[in-house]
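Report on the structure
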Amino acid sequence: MRLEGISGVLPYYDDILVVGSSDDDLDTKVRTVLSKFREDGLQLRREKCIFRTKSIEFLGFRISEDGIRPTKDKIAAIVNAPPPTNVTELQAFLGLVNFYHVFMKDKATIAKPLHALLQKNAQWQWRTSEREAFQALKDCLIREPVLAHYNDRRNLFLTCDASPYGVGCVLSQLDDRGRDVPVAYHSRSLSSAERKYAQIDKEALAIITGVKKFHEYIYGRGVTITTDHKPLLGVFNPKKGVPDILSPRMLRWTLMLSAYDYELRYVPGAKIQNADALSRLPQKIKVPEPPPSEDVLMLENIPEKLISAREIAQETKRDPVLSRVMQWIWKGWPDNGKKLPDEFTPYLQRKHELNCYQDCLLWGTRVIVPLGVRDTVLKMLHSAHPGIVKMKSLARSYVWWPNIDKQIEKLVGLCRECQETRNMPRKSSIHPWEWARAPWSRIHIDHAGPMKGKLFLVVTDAYSKWLEVKLVPNTSSAVTIGVLRELFATHGIPDVVVSDNGTSFSSAEFKQFLKNNMIRQALVAPYHPSSNGQAERMVQNVKNAIRKMTEGTAEGNLQLALSRYLLAQHITPHCTTGRSPAEILMGRKLNTVYDRMQPDFRKEMMDKQEDECPIPGKDRVFQDGDAVFARSFTPGSKWLPAQVVTTTGPVSYRVQTPDGQTLRRHADQIRARVEEPTESLGALGDPEIPPTTPEAASCSEPQQQDNGNSQVVEIKKPPERSRRVPKYLEDFVP
């Protein structure tokens, strides 16, 4: 049977409610429903049908044209409220009655004995008059309608409140006169576990209870939820994000409320006495304890725990600070204006995020560890020596207490194992040496090798970058001092010698050598080669150069390779100075084979040679083929007759003896020789002897007379010879 589309017909399982605006309208709808029954072959029992009634109980409510009256089981939260035992409970009950006073006749008269107990100096006495007035108010609520009709076109209001032992909520709407009239209400007692909740959790539980209870009313439409606990505005506010630190319970409730369209509003507790009274006079309903699976990230879930949650709870009660904080969480925090000791400041700053579970204080999901067991917890966290960062990360997953980060840093800093095995610190920025004041004022020395079975002493000038590399038999101080003496004799004594802490440099002998020469020694930090970076870099360059230049060659070429590398280093401009080390140290460029590739090199050599040639008439000059006497350095005659073969230098010649022997002699080792004539002098005739004049005498060589021989030989003056290029320079002159 289908009753869809029939206005005013509400089927609910085997009950069908038909509502009409008038008798005729109601009759028309009833006939339509009965026709549907007839079409489907269904019959109704007459004694179970009610027609044209003005009031009916349907789904637990007494519905009438005047409103909705709750049935006895629905109003039990008020009717079954126990008699108050103090002024606070009486105020809660009267607050509920005052909210519904517009529906109760003579309410003020009936409740007069109860109001008398609220006087300032009144003595509490629960006598017959008070008991009768209390019961009369209950009867009045039962007799009079207290619930209005639910109207889906009017705004909904859900007012919730919590007390230390109960929660209450009221669903209401505004009537035609703008009054807030209740549509439904609900209250229940808290379980033993719920009574240990923090106050913020209890207030949140009241909202969750009301939402679940009135789900059919509020789901799918807007509702205004009213609470007197202002911190909930930052937790359940739909216009804000979920806070970073929340307990699992609050997080679940936040996700559940996200399915509803609601607006959270704060109203002081004095203005929501209806819900406050229901929470303080709750109906005794047995609520099952939550299963253990709902608790997540608690301390007792840590595998292989050394401290149980029970021990944490016991220590929390003994802790003078945490015990007071727990009382504030249950009963409310003190006024902001009240001055508290400094040890409570961290908890006051987090008061809206703290809660209590199983007598343990929690900040979000982290257990607040009492003072008595904090050292043990720190040792647990540090059992695997995780380091500061990971230890803090582990602690933030489970526990918290004030200054826990500083205590973790101190514990790791005092842990010998952690400090001995930790990584090297981050390298500091490079600090360059100060610029040397002059060439060869500061030198850097270091030993290199063995390389190709040889050891080297590397010396570099910090100013000019001039490099010296000496082969040494060993790295002893005596050998090192000997090499340095040789270098100091060439370049001078430096002001500072920089070296590492090798035994050859740190020995007393080496220090005394530097002291005697008034040289300051600078020893770099041990095991830190970069401090003597110039020497270390030169050592690396030398090794690489030798390795490349001697690859595949005999070991005897090591010195040749080293010499070639040093020459290249001395003439190559340095990237730092922009000039070659030789220019800076010596003030000139070194001549190399590269200079001979310059076209002007021949002319320069010729000009230089002309400047250095002897002045004619002052030095003896011999020509090729001249007869001469050459000095002999072998036993026998001291002078040997010879003939000039070629000129090898400005004052050097190559001569040849009659027996074919070739000698190299200096001009100082050669003198002119007169060859013997092939014919006698008489055959030649009497030569004309020129007159002897002073001018002639000055131009002729003195006559020589051989002792023991009367023959006189005239020495003629050699003819004038034009200056020409020496043969040894012919290759350089075009």
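What this report covers is the structure whose coordinates are included nearby.

Criteria and cut-off values
- Residues numbered from 1 in each chain as written.
- Predicted model: local features only at pLDDT ≥ 70, side-chain atom pairs only at ≥ 80, totals over all residues.
- Heavy atoms only, no water.
- Phe/Tyr/Trp six-rings, centres within 6.5 Å; stacked < 30°, edge-to-face > 60°.
- Buried < 20%, exposed > 50% of the residue type's maximum accessible area, 1.4 Å probe, protein only.
- Helix = DSSP H or I, 4+ residues; strand = E, 2+ residues; numbered from the N terminus.
- Lys NZ or Arg CZ within 6 Å of the ring centre and 35° of its normal.
- Pairing = 2+ DSSP bridges.
- Axes fitted to C-alpha atoms, helices over the stretch in contact; angles between N-to-C directions.
- Parallel < 35°, antiparallel > 145°, perpendicular 65-115°, else oblique.
- Left-handed = near helix turned anticlockwise from the far one by under 90°.
- Contact = heavy atoms within 4.5 Å.
- Nonpolar A, V, L, I, M, F, W, Y, C, P; charged D, E, K, R; others polar.

Overview of the packing of aromatic side chains
- Within the structure shown, the criterion is met by 12 aromatic pairs.
- Ring centres 5.9 Å apart and planes at 15° place the aromatic pair tryptophan 124 and tryptophan 126 in the stacked group.
- Tryptophan 124 sits in the partly exposed class, given a relative accessible area of 28%.
- Ring plane angle 85° and centroid distance 5.6 Å describe the contact between tyrosine 219 and tyrosine 260, whose orientation is recorded as edge-to-face. Taken together, the residues span a long stretch of sequence, with tyrosine 219 in the loop between helix H8 (215–218) and strand S9 (223–227) and tyrosine 260 in the loop between helix H9 (248–257) and strand S10 (262–266) at a distance of 41 residues.
- For tyrosine 219, a relative accessible area of 49% corresponds to the partly exposed category.
- When its relative accessible area of 15% is taken as the criterion, tyrosine 260 is described as buried.
- Grouped by ring-pair contacts, the aromatic residues Phe488, Phe505, Phe510 and Phe513 constitute a single cluster.
- Over the aromatic face of phenylalanine 629 sits the side chain of arginine 671, whose NZ or CZ is 5.4 Å from the ring centroid.
- Residue placement shows arginine 673 over the ring face of phenylalanine 629; its charged tip is 5.7 Å from the ring centre.

Regarding the pairing of strand S1 (residues 9–12)
- Where S1 meets strand S2 (residues 15–18), 4 bridges bridge the pair, whose relative direction is antiparallel. Within S2, the residue paired with tyrosine 12 across the bridge is aspartate 15.
- In this antiparallel pair of consecutive strands, S1 and S2, the connection spans 2 residues, and tyrosine 13 shows a positive phi of 55°.

Describing the packing of helix H7 (residues 199–213) against H9
- Following both chains from N to C, one finds H7 and H9 inclined at 30°, their axes separated by 11 Å at the closest point. The pairing of H7 with H9 is recorded here as roughly parallel in orientation. Taken as a pair, H7 and H9 cross one another with a handedness that is left-handed. Touching Ile200, Asp201, Ala204, Leu205, Ile207, Ile208, Val211 and Lys212 of H7 are Arg249, Met250, Trp253, Met256 and Leu257, all from H9.
- Here the contact of H7 with H9 is composed, by residue class, of 10 nonpolar, no polar and 3 charged.

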